[in-house]
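Reading the structure
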Amino acid sequence: MDTERITDLTKDEVFQAISSQISLCKKCSLHQGRTHPVPGEGNLNASLFFVGEGPGANEDIQGRPFVGQAGKILDQLLESIALERSEVFIGNVVKCRPPGNRTPLIEEIRACEDFLLAQLGLIEPKVVVLLGNAALTALLGANHSISRVRGTLIEHQGMNFFPIFHPAASLYRREVFEQMKQDFVTLKNIMKEKVK
Ligand code: URA
Ligand code: SF4
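A brief report on the enclosed structure follows. (Residues numbered from 1 in each chain as written. Chains lettered and ligands numbered in written order. Predicted model: local features only at pLDDT ≥ 70, side-chain atom pairs only at ≥ 80, totals over all residues. Heavy atoms only, no water.)

Buried residues dominate strand β2 (residues 48-52), accounting for five of its five residues. What you see with β2 is no split at all: L48, F50 and G52 on one side and F49 and V51 on the other are buried throughout. Alignment of β2 against strand β4 (residues 127-131), held across four bridges, turns out to be parallel. Bridge assignment links L48 to a residue of β4, and that residue is V127. (Buried < 20%, exposed > 50% of the residue type's maximum accessible area, 1.4 Å probe, protein only. Helix = DSSP H or I, 4+ residues; strand = E, 2+ residues; numbered from the N terminus. Pairing = 2+ DSSP bridges.)

Rendered as structure tokens:
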């Protein structure tokens, strides 16, 4: 039966299907500049789903998220609470690199959001960590300030969101990195409650 075949698709197969659609996507002008789209990667049973902004130069070349300098910072933060990349999922608001790493435009965020929502629906994480303003705007709207809401759990449409600064914001700012480390400790404590 057809219905059986549909429900028989594994999570991995559904993820691959979403990724193929991303590879073919021309819904916004960002497709013009991409070398590779970056659909995101990680554990499809993850309790934590990290949402970045969009691919940078290294990500565009490799087709993988957070493999440049911001990625090193994210790795350090994950390590600070004893988490491996393989335990979490890491995605982005837009899957194709914005020219010169500019912030994605609201129309690009909207054009790409079905892919992010499909990934969230597939993985069903306990907490969605929003890395910086683009992710905050994409998932919670434009009326929040990241410095005000960072490090707090926000429930919205049946999902738990945890906004923090973008790792790149701490590149040359030690105090921002320290704040992010604190937010990761908060996150670890929240996860102890959520995953039992
Ligand atoms: N910055 C992002 O927001 N996403 C990446 O994948 C890499 C850097
Ligand atoms: Fe499609 Fe998203 Fe790439 Fe735009 S950024 S072309 S919406 S995959």
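So that's the structure; there's more coming.
With that out of the way, let us pick up the sheet that holds β4. Read across the sheet, six strands follow the order β1-β3-β2-β4-β6-β5 without closing on themselves; strand pairing throughout is mixed. This sheet does not close on itself; its edge strands, each paired only once, are β1 (41-42) and β5 (154-156). Both β5 and strand β6 (residues 159-164) contribute to a ladder of three bridges, which runs antiparallel. Residue pairing across strands places I154 opposite F161, the latter belonging to β6. Packing against the sheet, helix α5 (residues 106-123) makes contact with β2, β3 (89-92), β4 and β6, and its axis sits at approximately 170° to β2. (Contact = heavy atoms within 4.5 Å. Axes fitted to C-alpha atoms, helices over the stretch in contact; angles between N-to-C directions.)

Okay, the pattern of salt bridges next. This structure, assessed with the given rule, holds seven salt bridges. Two residues, R85 and D75, come together in a salt bridge whose shortest N-O distance is 2.7 Å. Note that R85 is positioned in the loop between α4 (69-80) and β3 and D75 in helix α4, a separation of ten residues in sequence. Here D75 falls in the partly exposed class, since its relative accessible area comes to 32%. Here R150 makes a salt bridge to D183, at a shortest N to O gap of 2.8 Å. Taken together, the residues R150 in the loop between α7 (146-149) and β5 and D183 in helix α8 (residues 174-194) connect sequence positions 33 residues apart. (Salt bridge = Lys/Arg side-chain N within 4 Å of Asp/Glu carboxyl O.)

Take the packing of helix α2 (residues 11-24) against α5 next. Closest axis-to-axis distance for the α2/α5 pair is 11 Å, and the angle between their directions is 175°. Taken as axis vectors, α2 and α5 run roughly antiparallel relative to one another. Contacts between α2 and α5 involve K11, V14, F15, I18, Q21 and I22 from the first element and F115, A118, Q119, L122 and I123 from the second. (Parallel < 35°, antiparallel > 145°, perpendicular 65-115°, else oblique.)

Attention now goes to the site of ligand 1. Around ligand 1 sit G52, E53, G54, E59, P65, F66, N92 and H166, and those are all the residues in its vicinity. In this structure, G54 approaches ligand 1 through a main-chain N or O atom, which is 3.0 Å from a nitrogen atom. Summarising the interface, the protein chains cover 92% of the accessible area of ligand 1, which totals 240 Å² for the free molecule. Of the residues assigned to the shell around ligand 1, the class counts are two nonpolar, four polar and two charged. (Near = heavy atom within 4 Å. Polar contact = N/O pair within 3.5 Å; in protein donor to acceptor, adjacent residues only side chain to side chain. Areas by Shrake-Rupley, 256 points an atom, 1.4 Å probe, with all protein chains shown as cover. Nonpolar A, V, L, I, M, F, W, Y, C, P; charged D, E, K, R; others polar.)

Moving on: the side chain of D183. Under the relative-accessibility criterion, D183 is labelled buried at 4%. Within the structure, D183 has its side chain in polar contact with the side chain of R150 (distance 2.8 Å). Those residues in contact with D183 that lie beyond four places of it in its chain are R150, G151, F162 and I164.

Evaluated as defined, the whole model comprises three aromatic pairs. Aromatic pair F15 and F89: ring centres 5.6 Å apart, planes at 80°, arrangement edge-to-face. Taken together, the residues F15 in helix α2 and F89 in strand β3 connect sequence positions 74 residues apart. Ring centres of F50 and F184 lie 6.1 Å apart, and the angle between their planes is 15°; this geometry places the pair in the stacked category. Note that F50 is positioned in strand β2 and F184 in helix α8, a separation of 134 residues in sequence. Comparing F50 with F184, the two get one shared label, buried. Each member of the aromatic cluster is reached from another via a ring pair, and the members are F15, F49 and F89. (Phe/Tyr/Trp six-rings, centres within 6.5 Å; stacked < 30°, edge-to-face > 60°.)

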